[in-house]
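Read off the chains here:
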Amino acid sequence: MNVKTMKKERVPKNRQRAQGDLAPEYRFDYTRSRPNRFARQVAKNAVVVVLDPDVAAVFRDPKRVNSLLRATIAALKRPGSRRAG
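Since the structure is predicted, the reported quantities are computational estimates derived from the model, not experimental observations. (Residues numbered from 1 in each chain as written. Predicted model: local features only at pLDDT ≥ 70, side-chain atom pairs only at ≥ 80, totals over all residues. Heavy atoms only, no water.)

1. Quick notes on the overall build of the chain
Moving on, step 1. From N to C terminus, the chain includes two helices and zero strands.
Moving on, step 2. Looking at the 85 residues of the chain, the share that counts as buried comes to 1%.
Moving on, step 3. Total accessible area on the chain stands at roughly 9,800 Å², and carbon and sulfur atoms take up 53% of it. (Helix = DSSP H or I, 4+ residues; strand = E, 2+ residues; numbered from the N terminus. Buried < 20%, exposed > 50% of the residue type's maximum accessible area, 1.4 Å probe, protein only. Areas by Shrake-Rupley, 256 points an atom, 1.4 Å probe, with all protein chains shown as cover.)

Below, the structure is given as structure tokens:
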């Protein structure tokens, strides 16, 4: 059985990519980009969390989610209450 070894093709120095350059298949076409349509809805200091579909079905707006989370935090801070962990 005759096994050939594969050699890497040498790329001339003038064709080598700089370290930070992306390969052509990874280049992003900025002409097709669009602004984030949700960016205006998020406050500057807000944290965005993705909810699972079943949870999102119950909590339709941030006020309800925040209300429940604040109640949970308050319950965890009470003396004598068990802390989740």
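Back to the text.
2. Some thoughts on the pattern of salt bridges
Moving on, step 1. A full pass over the atoms with the stated rule returns one salt bridge.
Moving on, step 2. For the salt bridge of D61 with R64, the shortest nitrogen-to-oxygen distance reads 3.9 Å. (Salt bridge = Lys/Arg side-chain N within 4 Å of Asp/Glu carboxyl O.)

3. Looking at the environment of F59
Moving on, step 1. Locating F59 in the fold gives a position in the loop between α1 (53-58) and α2 (62-77).
Moving on, step 2. We classify F59 as partly exposed; its relative accessible area is 23%.
Moving on, step 3. When sequence neighbours within four positions are dropped, the list of residues in contact with F59 reads R64, V65 and L68. (Contact = heavy atoms within 4.5 Å.)

4. Regarding a nonpolar patch on the surface
Moving on, step 1. On the surface, V47, V49, L51 and V55 cluster together to form a nonpolar patch covering roughly 360 Å² of accessible area.
Moving on, step 2. Tracing the sequence through the fold places L51 in the segment before α1.
Moving on, step 3. On the accessibility criterion, L51 (34% relative accessible area) is partly exposed. (Patch = residues over 30% accessible without salt bridge, like charges linked within 9 Å, V, L, I, M, F, W, Y side chains within 5 Å.)

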